[in-house]
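# Understanding the architecture of this molecule
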Amino acid sequence: MVQGALAGLAAGGLYAVLAVCLTLMSRLVRVVNFAQAATGMFGSYVGVALSVHGGLPEWLAVVLGVLLGGVLSVLIGWVVSTWLAEAGTGTRSAVTVAVLLLLISLSFILFGNKPQPFQALLAGPAFTVGGVVISQVTVVTVALAVVIAFAARLILTKTPVGISLRALSERPTTAELLGIPAKRLSAAVWGATGLISTVIIVIVAPSQSNDATSLSMLVVPAAAAALLGGFRRLDLAVAGGLVLGMLQGALAQVDQLSVVRNFVPFLAIVGLLVWSQRKEVWDAAR
Amino acid sequence: MQLADRGAVSRFGTPLVVAVVAVLVGIGLTVGLNGYFAYLGVSVVVAAIALLGLGVVTGSAGMISLCQLTFGAIGAWVVSALNVAHAPGGFLFWLLLGGLAAGVVGVLIGLPALRLRGINLAVVTLGLAAAADVTLVEIQFPGTTEGVSVDRPSLVADDNAYFLLCVIVLIVCALLVHFLRRGPWGSSWAAVAFSERGTAAAGASVRTAKLSAFAVSATLGGISGGLLTAQVGFAFPTSFAPLQSLALYVLAIMSGAHLIDMAVFGAVLWVAVPELLKRWGVPQDWGYVIFGLLGIQALAGRGNLGTAIRELWRRRSRASAGVQITALDEEPPRLPPGEPVLVVRGLSVTFGQVKALSGVDLAVPKGGVLGVIGPNGAGKSTLVDAISGFLPQAQGTVELADRPLTGDPTQRARSGLRRTFQQDRVPSGLTIEAYVRFVARRRPPAAEVAAALEFFGCPPAATPLDRVDVGARRLVEVVGHLMAKPQVLLLDEPAAGLPHEEHVAFGERLRQVPARFGVSVLIIEHDLDLVRSVCDTLTVLDFGEVLASGPQAEVLADPAVLKAYLGETEML
């Protein structure tokens, strides 16, 4: 069981990083981005294509893919913040559902629907704890999750940019009237989360089932993790991702429970929502 | 009588005529189509039923559902399993059972959804779709691995006959949706999509509204999955993949599937676009790209295909209807105020450290109008919220006709206490008539509704609410609640949104409400002219406490009241 849980930590780190991105998006630009993982998928697929078919050196292909993930995200953000500036989170997020569909279909058209020949950037064990091997991927994903969450927290609480961002998310119109460059800042948030999502997917994809749909659907466990922090708290989002990954890893050890394992993110989502929303009775403030 | 008959004919007759015509078209197509097109036709019908379901949950009730084909998979599963087990009853019966099973799962998924709105529900349903997909690939449908196929009933064995059967199932489903939407459930779906508070204040259960929408949608999903199984003979997980559910959701948005004809139109696109792309040698995935782009456009409020097409052939005037209300010539009759009918004692509400109300006592006399006034932030709206049950943390007692008034807003509304809102809570998807019927929780005679609407200067009953301006909508809200014949109606600034000249005319009508409708009124109002002309008694709130209470003239002469209002221009 413990072995399984530790093996699940790599996936946990992945969920945590994506959950941090989802939380930042939800807090700062009022979007639950269903296309978060799909953006990363698309960027990393382009990276693979550039290196395999385009003959570019691998490092360059990866960098270009990651940059594309960021640009793509900014583009989506531009549509959302231009066309739906005043809309509620629900409508803004619904657009990203259409984007999710769009990106998966586009990747089928461009790359076919077979998993891609990803080159592992990181391979092999990092160290061993009590007879259990911890892979380099695990170390890097978990570290990334923690570092990104900390960095985001520092930026948001200690820097002028972070304070502007928070003002922007609480009162977008007021913030804009105060002279905060709303569009540029929210584009920056979209871009940053797009870059991070692509980086983490490039790192983890070789060790995952890496067809376009599976990678894009990583948004489901990530959302489960983000829900632990109510789409607001970064630390709980990280914890949620790690616990979810370890839980799935542990359950994977028991063959009879494999169906249960599939439903773990879903059950976590339902459970957390019912618990966290138990006091939220009415929709509008008054 | 004749009018009522004509109403019933158009209410039941028109849809039935359309249904009969649709069956005839189906028969015509069956004769005219060759096998392959009949097969494609079945695919259209299957998609149309699934889209009808999405039209209910997403289009009418405003909830994002991303697992419609997971419900389809449940229907397919039940049909396959019953087929493998040689269960009695035959295909159509299994189809029905499959739909019902999906409906039950829909309710189970919907249960947590009761407290969830908007985006959370989207996360839940996408989670279910992803989990179900992985699981189905692992365990496969019953009979698939053994090669036990689901055979069509012998009468409809060939593609053309099966197509006709599917068309008939679709028509039955469409009629069901049409009549449900016309009934109280349908109105509650439209209401809950717009405002949960407004729904509860009309005495309708928010829970029932959400669960019924989810259940109906899931049932339709299940039926479409069952039909698909007999079309192919086997159910495969790929037919129910999350990607397809997402595409169907986007298609429902872009085609406007809350309209039945547009659901069918969307289904035609669903099948025709990939088919055409195939013929032109273009990868079929471009179909989803097209749907995705049009979906983004529709979601971004740039208009969807369905309404655009409707506008083309039904050029309706888009002029908005407003209030036509003028002063009365004679002094309206008044009832002598009687014993208190609504009694509030020691009502207190705190939000964290803030005391919004502390120890408020007041009484609404039977047949009278009590005005509650006070400066901004005095706690007036909090008072209405607390009395009508929207603040369960409120302390103190509320009695209506000597019986304690407790429970949630729905229960309180049903026990005879109604309220309106300061903000617009009138759903725009209905006509005035349907909305009034929904709020009244009964079917008042058309003449009664027309008279009440005319009395308040509202547009005629057949006007769609999306063409009614804000001031008129607020009066329509008042009319609806009066038609419910409550004992007491709480009005939260009902005249806001009306031009000032019309306040007095409105006040004169309000003055007659107790005599004319048998309803006692508590009104919160800023316009002191209106208050003077309407209220027998006044209660003044200041910082959450009662500053003065009693007959209008005494209260308005009270030095403490004058002091609290000093600087408020209305008093000068």
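Residues numbered from 1 in each chain as written. Chains lettered and ligands numbered in written order. Predicted model: local features only at pLDDT ≥ 70, side-chain atom pairs only at ≥ 80, totals over all residues. Heavy atoms only, no water.

## Concerning the overall build of chain B
The number of helices and strands found in chain B is 22 helices and ten strands. For the C-alpha atoms alone, the extent of chain B along its principal axes is close to 90 × 50 × 45 Å. Of the contacts made within chain B by residues no fewer than 6 positions apart, 76% connect residues no fewer than 24 positions apart. Summed over all atoms, the accessible surface of chain B reaches about 23,200 Å², with 62% contributed by carbon and sulfur. Seen as two clouds, the 42 positive and the 43 negative side-chain charges of chain B have centres 5 Å apart. (Helix = DSSP H or I, 4+ residues; strand = E, 2+ residues; numbered from the N terminus. Contact = heavy atoms within 4.5 Å. Areas by Shrake-Rupley, 256 points an atom, 1.4 Å probe, with all protein chains shown as cover. Lys, Arg positive; Asp, Glu negative; His and termini not counted. Charge placed at Lys NZ, Arg CZ, Asp CG, Glu CD.)

## Structural notes on the overall build of chain A
In terms of helices and strands, chain A carries 13 helices and two strands. Its C-alpha radius of gyration of 19 Å places chain A within 12% of the 19 Å reference for a compact globule of 286 residues. The burial tally for chain A puts 53% of its 286 residues in the buried class. Roughly 12,200 Å² of accessible area belongs to chain A as shown, and the carbon and sulfur atoms make up 67% of that amount. Where the 16 positive side-chain charges of chain A centre and where its 9 negative ones centre are 8 Å apart. (Rg over C-alpha atoms; globule rule 2.2 N^0.38 Å. Buried < 20%, exposed > 50% of the residue type's maximum accessible area, 1.4 Å probe, protein only.)

## Here we look at a nonpolar patch on the surface
Residues and elements named next belong to chain A. Together, Trp 59, Val 63, Leu 64, Leu 67 and Leu 195 make up a nonpolar patch on the protein surface, roughly 470 Å² of accessible area in all. Looking at the nonpolar patch, the element that brings in the most residues is helix 4 (residues 58-83), giving four residues. Looking at the secondary structure, you find Val 63 in helix 4. (Patch = residues over 30% accessible without salt bridge, like charges linked within 9 Å, V, L, I, M, F, W, Y side chains within 5 Å. Salt bridge = Lys/Arg side-chain N within 4 Å of Asp/Glu carboxyl O.)

## Details of the confidence of the model for chain B
Residues shown with low pLDDT carry predicted positions that ought not to be read at fine detail. All names here are of chain B. A residue-level look at chain B finds 93% of positions with pLDDT of 70 or above and a mean pLDDT of 87. Long-range and interchain partners of residues 1-5, a stretch whose pLDDT sits below 50, account for zero contacts in this model, where long-range means more than four residues apart. Scoring of the predicted complex yields 0.89 for pTM and 0.92 for ipTM. (pLDDT = per-residue confidence, 0-100.)

## Points about the environment of Lys380(B)
All names here are of chain B. Checked against the element boundaries, Lys 380 lands in helix 14 (residues 380-387). Look past the residues within four positions of Lys 380 in its chain and what remains in contact with it is Val 372, Ile 373, Gly 374, Pro 375, Ile 524, His 526 and Leu 541. Within the structure, Lys 380 has its side chain in polar contact with the backbone oxygen of Gly 374 (distance 2.9 Å). (Polar contact = N/O pair within 3.5 Å; in protein donor to acceptor, adjacent residues only side chain to side chain.)

## A word on the sheet that holds strand 6 (residues 417-419) of chain B
Residues and elements named next belong to chain B. Taken together, the six strands give an open sheet; going across it, the order is 6-7-8-3-9-10, and neighbouring strands pair in mixed fashion. A strand with exactly one partner marks an edge of an open sheet, and here the two such strands are strand 6 and strand 10 (545-551). Adjacent strand axes in the sheet meet at a mean angle of 15 degrees, parallel and antiparallel pairs treated alike. Pairing of strand 7 (residues 488-492) with strand 8 (residues 520-524) involves five bridges; the strand directions are parallel. Bridging across to strand 8, Leu 491 finds its partner in Ile 523. (Pairing = 2+ DSSP bridges. Axes fitted to C-alpha atoms, helices over the stretch in contact; angles between N-to-C directions.)

## What about the packing of helix 11 (residues 219-228) of chain A against helix 13 (residues 258-276) of chain A?
Residues and elements named next belong to chain A. Where helix 11 meets helix 13, the axes come as close as 9 Å, and the angle between the chain directions of the two elements is 25 degrees. The angle between the axes of helix 11 and helix 13 places the two elements in the roughly parallel class. Between helix 11 and helix 13 lies a crossing whose hand is left-handed. Only Pro 265, Ala 268, Ile 269, Leu 272 and Leu 273 of helix 13 make contact with helix 11, whose side of the interface consists of Val 220, Pro 221, Ala 224, Leu 227 and Leu 228. Of the residues contributing to the contact of helix 11 with helix 13, the split by class is ten nonpolar, no polar and no charged. (Parallel < 35°, antiparallel > 145°, perpendicular 65-115°, else oblique. Left-handed = near helix turned anticlockwise from the far one by under 90°. Nonpolar A, V, L, I, M, F, W, Y, C, P; charged D, E, K, R; others polar.)

## A few points about the packing of aromatic side chains
Residues and elements named next belong to chain B. All chains considered together, the criterion is met by 17 aromatic pairs over all chains. A centroid spacing of 6.1 Å and a plane angle of 50 degrees characterise the contact between Phe 456 and Phe 506, whose relative ring orientation is tilted. With Phe 456 in the loop between helix 17 (446-455) and helix 18 (470-483) and Phe 506 in helix 19 (residues 500-517), this residue pair connects regions lying 50 residues apart in the sequence. One exposure class covers both Phe 456 and Phe 506, and it is buried. Following the ring pairs from residue to residue traces out a cluster consisting of Phe 455, Phe 456, Phe 506 and Phe 517. In this arrangement the basic side chain of Arg 419 is found over the ring face of Phe 421, its NZ or CZ atom lying 4.0 Å from the centre. Across from the ring centre of Phe 455, 6.0 Å away, lies the NZ or CZ of Arg 509, which sits over that ring. (Phe/Tyr/Trp six-rings, centres within 6.5 Å; stacked < 30°, edge-to-face > 60°. Lys NZ or Arg CZ within 6 Å of the ring centre and 35° of its normal.)

## Some points on the interface of chain B and chain A
By a frequent convention, interface size equals the accessible area lost on bringing the separate parts together. Across the contact, 52 residues belong to chain B and 44 residues belong to chain A. Taken together, both faces of the contact between chain B and chain A bury some 4,400 Å²; the carbon and sulfur share is 75%. At the boundary of chain B with chain A, the tally comes to zero salt bridges. Scanning the region where chain B abuts chain A turns up two residue pairs in polar contact (both at pLDDT 80 or more). If you list the elements that add at least two residues to the side of chain B that touches chain A, you get helix 4 (90-113), helix 5 (119-139), helix 8 (196-201), helix 10 (242-255), helix 12 (285-299) and helix 14 of chain B. The element that contributes the greatest number of residues to the side of chain B that touches chain A is helix 5 of chain B, accounting for 15 residues. (Buried area = accessible area lost by both parts, 1.4 Å probe.)

## Some details on the side chain of Ser224(B)
All names here are of chain B. Structurally, the position occupied by Ser 224 is in helix 9 (residues 206-232). Classification of Ser 224 by relative accessible area gives buried; the value is 2%. Within the structure, the side chain of Ser 224 is placed 2.9 Å from the backbone oxygen of Gly 221, a separation counted as a polar contact. When near neighbours in sequence (up to four residues on either side) are disregarded, Ser 224 contacts Val 46, Ile 49 and Ala 50.

## Thoughts on the confidence of the model for chain A
Averaged over all residues, the pLDDT of chain A is 87; the fraction at 70 or higher stands at 97%. For chain A, the element scoring lowest by mean pLDDT is helix 8 (residues 172-177) of chain A, at 76; helix 3 (residues 36-52) of chain A scores highest, at 93.

## Thoughts on the sheet that holds strand 1 (residues 340-351) of chain B
Residues and elements named next belong to chain B. Judged by pairing direction, the sheet is antiparallel, and its four strands sit side by side in the order 2-1-4-5 without closing on themselves. The sheet is open, and its two borders are formed by strand 2 (354-365) and strand 5 (403-404), each paired with just one other strand. The pairing of strand 1 with strand 4 (residues 395-400) spans five bridges and is classified as antiparallel. When the bridges of strand 4 are listed, Ser 348 appears paired with Gln 395.

## Focus: the pattern of salt bridges
Residues and elements named next belong to chain B. In total, this model carries 13 salt bridges over all chains according to the counting rule given. The partner of Asp 385 in a salt bridge is Arg 419, with the nearest N and O atoms 2.5 Å apart. One end of the pair, Asp 385, is in helix 14; the other, Arg 419, is in strand 6, with 34 residues separating them in the sequence. A relative accessible area of 3% means that Arg 419 is categorised as buried. The salt bridge partner of Asp 529 is Arg 532, with a shortest N-O separation of 3.5 Å. Within this pair, Asp 529 and its partner Arg 532 are both found in helix 20 (residues 528-534), separated by three residues, close to a single helical turn. Given a relative accessible area of 37%, Arg 532 falls into the partly exposed group.

## A short note on the packing of helix 10 of chain B against helix 11 (residues 260-279) of chain B
Residue and element names in this part refer to chain B. At their nearest, the axes of helix 10 and helix 11 sit 9 Å apart, and the two run at 130 degrees to each other. Accordingly, the angle class assigned to the pair helix 10 and helix 11 is oblique. Helix 11 is crossed by helix 10, and the crossing has right-handed handedness. Of the residues in helix 11, those touching helix 10 at Gln 244, Ala 247, Leu 248, Leu 251, Met 254 and Ser 255 are Met 262, Gly 266, Leu 269 and Trp 270. Residues of the contact of helix 10 with helix 11, tallied by class, amount to seven nonpolar, three polar and no charged.

## Considering the pairing of strand 1 (residues 125-129) of chain A
One face of the sheet, then the other: side chains in a regular strand alternate in exactly this way. Residues and elements named next belong to chain A. Note that strand 1 and strand 2 (residues 132-135) share four bridges and pair antiparallel. Counterpart to Phe 127 in the pairing with strand 2 is Ile 134. Hairpin connection, strand 1 to strand 2: the antiparallel pair is bridged by two residues, and Gly 130 has positive phi, about 50 degrees.

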